[in-house]
Amino acid sequence: MISILKRSLLYILAIVLLLFTGYPFIYMISTALKSQPQFYEAPFSLFTSFNLENVQLVFEMGLTRYFTNSVLITVLSVLAVMLFASMASYPLSRMKFKFRGVVYLLFIAGMMLPIHATLIPIFKLTQSMGLYDSLWALLGPYIAFSLPISVFILTQFMAEIPKSLEEAAELDGASHFSIFGRVILPMVTPALMTVLIYNFIHLWNEFVFALVLISTSERMTLPLGLQNFKGEFSVNIPGLMTALTLASIPVLLIYLFSQEKVTTGLAGGAVKE
Amino acid sequence: MTTDITLIDSMESKETKSKSKISRQKLRKTITISLFIAPAFIVYSLYVIYPILATLNYSFFDWDGVSDKVFIGLDNYITMFNDDIFWVSLKNNIWIVFASVFIQIPLGLVMALLLFAPIRGIRLFNGVYFIPFLMSTVAVGILWRLMYDPINGAINQGINLLGFENIAWLSEQNIAIFSVLMVIVWQFSPFYMILFKAGIVGISEEMYEAAEIDGANYFQKFMKITLPLLAPTIVTSSILAIVGSLKSFDLFYIMTGGGPNHGTEILGTYMYKQAFVNYNMGYGSAVAFIMFALALVVVVIIQSLDHYRKKKGDYL
């Protein structure tokens, strides 16, 4: 008897939390599928209609452009981060040299840094490089601010690779570059995947740098474009919700296909401490 | 004699040879290491290290970002310490920390514990609980603005059904900050859930079995085993909450823009407004540098506490 009572209390708690976390999301999708009059008639009702004309509308309003920009800058930044971070992590985790501790600490400290402390100089720097208001303005900041967590994750993984593998390759006369490429990198593929997913999700959703460094609508990334839509769609709420839903799809798809990877990845830095 | 000299000679030359070999090897090693680290280090120096120093430098000037800088010493900091809005912003940042430590982290813990409870549908619960954390903060902000809408919003419609009056969630100065904090709780609790999940997995099953043999009930097991063993995770979470508070910006910018009447102003939005709306780049830099300094102080304090704790060999 008591265990049934206990169990039902657990279910009630779990379902309350399910509604709390899930309802806004359901509301967003349900509203996206309504037409404007339907929304104003019954904003509260769930899944009463299945109207896809908003999808076409938001694409016509420039969502395609934002999407392309976001894909381009996110993919490029993530690839660069994976390369740079794994290169830097190799000597940081497997070689002894002066200043190793300092360099490592300098990289890691970036995780705790409020971005605002760098905004004005980065803004000026971007202007002086002639990159202001172009998509490329984001590349440098995106790579730089993804490095700390990536170096952290990769050095942890690389440090665990047994020394003997490397020594065997060294006896065969392999250079550090080929050891890195042929021995180390293949061993840390899981960590590289974590780095990829973590940074993809973060950069896909990044807002502050885009806000400060880009002003023309055509060069905006998705989060900035959504913010732009907020003004243009102040009346057409279902249209706005359609844009939000579509913008969330890539990340949700990644989550759907690699749930464990995403959760451990997103918590990766903190968990491994 | 001659043979002796040649012997010494050859020994010396051998030594210098091997020395130069070693130093050449050393040089090659240094070059290799530098080549591996260089790409990351150059980008990082340019976009992280240099900007922090530049922010400190700018904070001593009166500057609109375009015309010449005028050196004014510590005036920006003096203005800031007499600036009521700065203190309101700092207070709101502290509110975020409180909301995180006292609501988000416990809620994350409850979610994580539920995922280990003897109930069905764990995968569904796990999957849905995590979704808020995946959405972009911009999307979350826009979505919740609609939910909070005084007329068409789902929340007011809901409380109307229950017979309550409409509430101006985001435009009432004293309520707005709590409305935004609520969204922060909604979005970031899943993050702590994941941290606790990892912590709980690490606790060995044997401890619970031993406690069961001793006749401990669920509550006792939680208080005596789970909670103490999760203490490091709770500490980590709290650090992340404090630092996260200094990083927050997007939700406030999207939902209220710091308004009404600075009711939801935080350091991030205030710095942004000063620098990029009013073009007070010097003053903005001063606010920005204080944000950096606060983060640094927090990290240093916590690191040294951690060091002290490890020395004592005590993890609580």
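Here the structure is shown first, and the text comes after it.
Everything quoted here is computed from the prediction, not taken from an experiment. Within each chain, residue numbers correspond to sequence positions counted from 1 in written order. Each chain is given a letter, starting from A, and each ligand a number, starting from 1, according to the order in which they appear as written. Where local features are concerned, this predicted model is filtered to residues with pLDDT of at least 70; where side-chain atom pairs are given and counted, the filter is 80 or more; whole-chain, interface and lining totals use all residues. With hydrogens and water set aside, each side-chain value is computed from the structure's full complement of heavy atoms.

Student: Provide a residue-level description of the packing of helix α11 (residues 222-232) of chain A against helix α5 (residues 137-147) of chain B, including the pertinent values.
Tutor: Packing of α11 of chain A against α5 of chain B brings their axes to within 9 Å, and their N-to-C directions diverge by 20°. Between α11 of chain A and α5 of chain B, the crossing angle belongs to the class labelled roughly parallel. The interaxial crossing formed by α11 of chain A with α5 of chain B has left-handed handedness. When α11 of chain A is examined against α5 of chain B, the residues P223, L226, Q227 and K230 of chain A are found in contact with a partner set consisting of V138, A139, I142 and R145 of chain B. Grouping the amino acids of the contact of α11 of chain A with α5 of chain B by side-chain chemistry returns 5 nonpolar, 1 polar and 2 charged. Fitting a line to C-alpha atoms yields each axis, with helices limited to the stretch in contact; the angle taken between N-to-C directions then spans 0 to 180 degrees. Segments assigned H or I by DSSP are reported as helices when at least four residues long, segments assigned E as strands when at least two residues long, and all are numbered from the N terminus. Here roughly perpendicular refers to angles of 65 to 115 degrees, roughly parallel to angles under 35, roughly antiparallel to angles over 145, and oblique to all remaining angles. Each crossing is labelled by how the near helix is turned from the far one, with a counterclockwise turn of less than a right angle marking it left-handed and a clockwise turn marking it right-handed. In what follows, residue pairs with any heavy atoms lying within 4.5 Å of each other are defined as contacts. Ten residues, namely Ala, Val, Leu, Ile, Met, Phe, Trp, Tyr, Cys and Pro, are considered nonpolar, four, namely Asp, Glu, Lys and Arg, are considered charged, and the remaining ones, Gly among them, are considered polar.

Student: Tell me about the side chain of S100 of chain B, and name the residues and values.
Tutor: Along the chain, S100 of chain B turns up in helix α3 (residues 84-114). In contact with S100 of chain B, not counting residues within four places along its chain, are I105, P106 and A241 of chain B.

Student: Account for helix α4 (residues 100-109) of chain A, naming residues and giving values.
Tutor: Residue and element names in this part refer to chain A. Exposure categories follow from relative accessible area, calculated using a 1.4 Å probe and restricted to protein chains: below 20% of the type maximum is buried, above 50% is exposed, and the middle band is partly exposed. Along α4, the residues that are buried comprise V103, F107 and I108. Across the axial projection of α4, the buried residues extend over an arc of 130°, all falling on one side. Across from the buried face of α4, at angles greater than 90 degrees, the exposed residues are G101, V102 and L105. Comment: arc refers to directions from the helix axis out to C-beta atoms.

Student: Can you break down the pattern of salt bridges residue by residue, with the values?
Tutor: The term salt bridge refers to a pairing of a side-chain nitrogen on Lys or Arg with a carboxyl oxygen on Asp or Glu at a separation within 4 Å. The tally for this structure, following the rule as stated, stands at 5 salt bridges over all chains. For D133 of chain A, the salt bridge is made with R219 of chain A, and the minimal N-O distance between the two is 3.2 Å. In this pair, D133 of chain A is assigned in the loop between α5 (116-128) and α6 (139-159) and R219 of chain A in the loop between α10 (208-213) and α11, connecting sequence segments 86 residues apart. Measuring nitrogen to oxygen at the nearest pair gives 2.8 Å for the salt bridge that ties E212 of chain B to K221 of chain B. You can call E212 of chain B partly exposed: its relative accessible area is 48%. Each of the salt bridges in this network shares a partner with another, and the network as a whole consists of R94, K163 and E166 of chain A.

Student: Provide a residue-level description of the interface of chain A and chain B, including the pertinent values.
Tutor: Listed as interface residues are 86 residues of chain A and, on the opposing side, 88 residues of chain B. Counting the surface chain A buries against chain B, the share from its top three residues, M112, H116 and I120 of chain A, is 9%. Across the contact surface, chain A and chain B share 0 salt bridges. Here a polar contact is taken to be a pair of N or O atoms separated by no more than 3.5 Å, where protein atoms must pair a possible hydrogen donor with a possible acceptor and residues adjacent in sequence count only if both atoms sit in side chains. Applying the counting criterion to the chain A and chain B interface returns 15 residue pairs in polar contact (both at pLDDT 80 or more). A per-element tally of the side of chain A that touches chain B places helix α1 (residues 2-32) of chain A first, with 16 residues. Defined here as a combined quantity, buried area equals the accessible surface (1.4 Å probe) lost by two parts on assembly, summed across both.

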